[in-house]
Structure formats: C-alpha cells, structure tokens
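The lines below spell out each chain.
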Amino acid sequence: KLGQKSDLRARRIITTSTFATKAQTVKKTVQAGVAAGKESFSALQEERREQAERSVLISCPPNINQKKFLDYISKHGHIENHFFYQSYGIYAVVEFSTKECISALKANCTIPNVQHEAAVPFKSRLLSLKWTGQGSQSNASNTLKFQKHLPIPINELTQHLCKQESIDQQLQCLTDLYQLTDENISLRFLVCSLLRDIAAAYFPECIIRPFGSTINSFGKLGCDLDMFLDLDGISGLNQRKGSGLSLEYQVKQGTSERTVTQSILSVIGECVDQFGPGCVGVQKILNARCPLVRFAHQPSGFQCDLTANNRVAMKSSELLFVYGKLDARVRHLVFAIRCWARVHSITSSIPGAWITNFSLTVLVLFFLQRRTQPLLPTLDQLRDLADPSDQCIIEGNDCTIVSDLSKIKLQKNSDTLEKLLQEFFEFYGNFAFSSTSINIRKGKEQNKPESTPLHIQNPFETGLNVSKNVNSTQLERFVALCRESAWFLEQKEVHKRSAGQSADVIPPWGLAALLLPSVAQSAGVKGRRKKKHQPASERIRSLLESIKSNSGGAGVKQNAV
Ligand code: CTP
Ligand code: MG
C-alpha cells in the first residue's frame, strides 16, 4: 500500500513540476504564443490568475462619477484596467499594475463600524467606496458604462436570430450574444483569487483555479463558477540530496485522499461561511462522488462550486478548449445545441436525471469526429501528437494531450453549420444508444460496458460514465426531440427568412423556429409546462403554417427561459 502511495505521489510530481516550469515562463510563452497566433492554455490561465491577484472589487455609491472614481483610486497606484457592472448596486473591478498598489490602497481602508452587530475584521480585496462629507451632495452626471454579465432573454435572442441572413449566421450570432465576455472571465478569476485569500489562512501556497465552462470556451453568460482548491504546490519537492539527512513536516493523516479532501473542504467551507464577505447560502456537499462546497457570491452574482483535488476536471476543460480552438464551427454548434436543449428542458439548472451541458458537448464532439471527413481528431490522436513535456498522468490516468495546436493537421471538411446542425439531429435521432457507448478517445462507437441508458465514456477517467445520472425517460426525450428537429429542418421553408417583412416582425425561421416550444410539443416531449392535448400531426401543420404565412403580425413569441 505504501508503495502505491509513493507511486501516486510520483505521478503527481510529474504534473506539478510541469506546471511549475510552465508558470515561470508564463509571460514569455503568452507573448510568443500570441505572436504565433496560438496561445497555450495553461499560459492563458496563468496570465488571468496573475491579473486577478493585482485586482480589487469595489462596491460604489449610486451617484459615482467615473472621473472622480478613477482620480481617487489611482492615487494609490497605476490602474491597468477597469470596468463597471451592476448587481444589486454598482461594482467596479480595478486591475492595478502591481500588487504593491493594493497594499497602498488597503492602508487607507478602514474596518466599518457596524451598528447593533459586530464585524469580522477580515481585510479582503472586496471593498466599499463611501462618500464622506460634501461629495455625497454632488449631482455628478453618471457617465458609467456597465458590462453585461447575464444573457439576454430568449425572446430578444430570437429577434436577433430572425434578423440574420442564413442559419450559419444565426449560429454565429447566438455564440456572439451568449459567450462569456473578457470582463466576465476576469471577474470569475477575481472571485477565485478572493476566495484564495480565505483558504490561504490555512494553506499559504494554495491556488484556487476555475475550471469547466469558465475556461473551456463553451461558457454562457450566467453559467456557474466551478473552482478547485489546488494544493499540489505545497508538496515540497525539492529535497537536497547528499547530506544523508532530510526534514519533513509532521502532518495529520486521513484514512484516504477522499477523507482528507472532505476535511479540508469542510474547514474552508466553514471559513467561507463565517468570514467570506459576500458569500451566502454556503452548503457543504461532502458525500458527493466529488465533494464540494456550494455557495452564492453576491457581489458578482456567481453560483459557485468549490471542489478540491480535481486536476482531471481541469484537464478535461483544457481538452474542450483545444477542440473549441481547432475549428470555429465547433463552438457555434455547441452553443446552438446547448441553447436548443435548454429551451426544451432537456437540460436543467437543477441537478437530476437530465443530460448535462458537459455530456451534450461530448455528444457534439463525437458527432464531429464521426463525419465522413472528420472535423475533429480523436483524443488518442491528440495524445500521440504530444511532446514529452506535455506528459500528464493524474492519479493513474493518462491525461496527456498536445499543447502545440499547430501540430494538429485537420482534414478538409467544408460542411456548413446548417448541414451540421441538421445532421447532428439525424445522427442522434437514430443512434443505437441501447447497445453503444460514445467514446471520443477512439472516435468510434464502442460496446456498452454497463446497462445505463446513456453511456458516454469520461475522456480521461475511462472507467467512468459522464452521463451516469441520465434515466431512460430523459434519453427518450432527447431522441424524440432530435428526430422532430431533424424532420423540422428537412422542411425547406424553415430555412429561409421570409422576404418583405419589416425588420421588427420577422416570423421565426431557422434556428429561431427550432427554439419554439411547439417543436418539443410536436415531438410529444413533455417539459415542465403543460402539454397541449392536440394530435401531433395537427400541431406540426399549424407550426408550419405559421412559418409559411407571410402575415408578419405573429412576430416572435416565446417562453422566457
Ligand atoms: N465534469 C466531469 N464529469 C461529469 C461532470 C462534470 O468530468 N460527469 C467536469 C467537466 O470538466 C466539466 C466540469 O466538471 O466541464 C464542470 O461541470 P459542470 O459545471 O456540470 O459543466 P460545465 O462544463 O461547467 O457546464 P455548465 O455551463 O453547465 O456549468
Ligand atoms: Mg459549470
């Protein structure tokens, strides 16, 4: 057992030291990468993390004026970047040029005097700017421009989609409107960095890293913030040899990695709950397969999931990022399918037996690998192209993928997004889910190793099923909706925007029509809304009639999501 443990450690060391070397060359790599048009994933993450450490989050009074704000804050140091947003008040993210500026700023901050209650004197980088004396009376014209951190409502989205010229443009437009903005990603890294300050009370060398849709390039505005507490930097790897003596820390020991992770998350969760400014509704979900602490970070509006010891998930985020980078069509198709699944209640924000966004993304990747001219390489191909320095073994799983994307030679595939969308629905409308497993490592259907309704092999932990939670009802709903959507797109009149309509009242067509609740009703797919009792054929006919008709009065009418 001891042998196994040290073996495990050795495997970890491989990843950690790779990361440490990368961290030292971050700036150079980013610059070289940007110049060559290929930014390395870990270099990008390191750059964002370093920016976040030089940033503060400031709650501003309602009548703040940008000039006054910047004049006051920049007294403490040079401001590299800043932006404002609204979330129960006005907030500003300020990135200074150095960390020392933050020390100067903090030296001027006071712990507030709260009436009737007592304050926990924790000096975080979440600050409140207050008027003192005369300033508050100033009727400064508010010239602030606010960054949007939430997606536009579905009815506004469909209006935008209807105004496009082709289905391909509609998919691109959807991505543009839904994807995370640069500022939103900065705010996500800042929230991780603020939490790190709390965890650092116990583990000064720890890092809190975002993963999942924040960094995999498929994130939609408003998506949750997945984070993990990375303690690998603490291992103490550089022992001096030769003296015949060595020192090590005395430590408490747990019965397994899992129990250690649980106790660390329990304590950090407690700290977040008791001392974390702006952190509310803290729940410790320590008995889950992947123990986590869930809470809302009010100032940013993010729903946060903090895990620990979750390096594999980080690697699968990198894998998705790489696939998203290889061809622009990948992200457009994923955004469209995720949106389609959400409006028809195939996915849900509540955990349960539904298909998740992660599973859906893997389904899209697999479909793209299975084209006659594969649009994407298999995971085994990405591993085979890797340099020795890319090698990454995590807890016995080979997570190696190539980091230099210029080494990947893609096949010629000129399918339009319209074609890919239609054929995605046909592919999964007729897929042998009962006998076959989806496997992006091999890029081929495999025999199912277990009898769960939907089997999608986890790319790196190959013994796991990504969609183990999905029950047969949910899979059937997905298949029915795929069939209905494929059939729907076969109707040629759906593909064209009606001519002669005024810009504001274009009947839904193409992707916008696919997002109408009637598509799901035709498929007999029960959402959480009441299903209309009307024969399917009639509903389909009336839907088509409404699309064919050029009356223009219908406009876009949809349920909010
Ligand atoms: N993950 C995994 N296996 C699962 C579920 C999740 O490996 N069965 C990993 C994936 O790397 C995923 C990350 O955990 O990206 C976060 O999970 P989740 O929040 O469910 O998915 P996201 O990709 O972040 O998508 P969303 O926008 O729905 O949050
Ligand atoms: Mg997520």
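Look a little higher up for the structure.
Residues numbered from 1 in each chain as written. Chains lettered and ligands numbered in written order. Predicted model: local features only at pLDDT ≥ 70, side-chain atom pairs only at ≥ 80, totals over all residues. Heavy atoms only, no water.

### Some details on the pairing of strand 7 (residues 225-230)
Quick reminder of the rule: When accessible area is computed with a 1.4 Å probe and restricted to protein chains, residues below 20% of their type maximum are described as buried, those above 50% as exposed, and intermediate ones as partly exposed. Helix and strand definitions follow DSSP, with helices as H or I runs of at least four residues and strands as E runs of at least two, each counted in order from the N terminus. For two strands to be treated as a pair, DSSP must find at least two bridges joining them.
Burial runs high along strand 7: six of the six residues are buried. Burial along strand 7 is two-sided: Leu225, Met227 and Leu229 facing one way and Asp226, Phe228 and Asp230 facing the other are all buried. Summarising the sheet, strand 6 (residues 207-211) and strand 7 pair through five bridges and their orientation is antiparallel. Among the inter-strand pairings, Ile208 is bridged to a residue of strand 7, identified as Leu229. The sheet contact formed by strand 7 and strand 10 (residues 302-308) spans five bridges and is parallel. By the bridge assignment, Leu225 is partnered in strand 10 with Cys304.

### A look at the coordination of the magnesium ion (ligand 2)
So the rule is basically this: Any N, O or S atom lying within 2.8 Å of the metal counts as a donor, and for Na, K and Ca the limit rises to 3.2 Å; water is left out, so some sites can look incomplete.
Summarising the metal site, the magnesium ion (ligand 2) is bound by the protein donors Asp224 (OD) and Asp226 (OD), whose distances to it range over 2.1 to 2.2 Å. Owing to a relative accessible area of 13%, Asp226 belongs among the buried residues under this scheme.

### Quick word on the environment of Arg331
Stated precisely, the cut-off is as follows: Note on definitions: a residue-residue contact is assigned when non-hydrogen atoms from the two residues lie within 4.5 Å.
The topology assignment puts Arg331 in helix 11 (residues 328-343). For Arg331, a relative accessible area of 21% gives the class partly exposed. Through-space distance from the C-alpha of Arg331 to that of Gln446 is 25 Å; in sequence the pair is 115 residues apart. Contacts of Arg331, omitting those with residues within four sequence positions, involve Thr175, Gln179, Ser217, Phe218 and Gly324.

### Here's the deal with the packing of aromatic side chains
Aromatic ring pairs: the centre-centre distance and the angle between the two ring planes describe each pair. The criterion, for reference: Stacked, tilted and edge-to-face pairs are distinguished by plane angle, under 30 degrees for stacked and over 60 for edge-to-face with tilted covering the rest, among Phe, Tyr and Trp rings (Trp via its six-membered ring) whose centres lie within 6.5 Å. The criterion for a charge sitting over a ring is simple: Lys NZ or Arg CZ within 6 Å of the ring centre, and within 35 degrees of the ring normal.
Counted by the stated rule, this structure contains 20 aromatic pairs. With 5.6 Å between their ring centres and 15 degrees between their planes, Tyr85 and Tyr91 make a pair best called stacked. Among the residues examined, Tyr85 registers a relative accessible area of 0% and is labelled buried. Residue classification places Tyr91 among the buried positions, given a relative accessible area of 12%. Aromatic side chains Phe211 and Phe228 sit 6.2 Å apart centroid to centroid with 75 degrees between the ring planes, which places their arrangement in the edge-to-face category. Taken together, the positions of Phe211 in strand 6 and Phe228 in strand 7 put the pair 17 residues apart, joining distant regions of the chain. When sorted by exposure, Phe211 lands in the same class as Phe228, which is buried. Taken together, the ring pairs in this structure connect Trp340, Phe366, Phe367, Phe424, Phe425, Phe427, Tyr428, Phe431, Phe433 and Phe478 into an aromatic cluster. Over the aromatic face of Phe302 sits the side chain of Arg188, whose NZ or CZ is 4.4 Å from the ring centroid. Cation over ring: Lys220 sits above Tyr178, and NZ or CZ is 4.6 Å from the ring centre.

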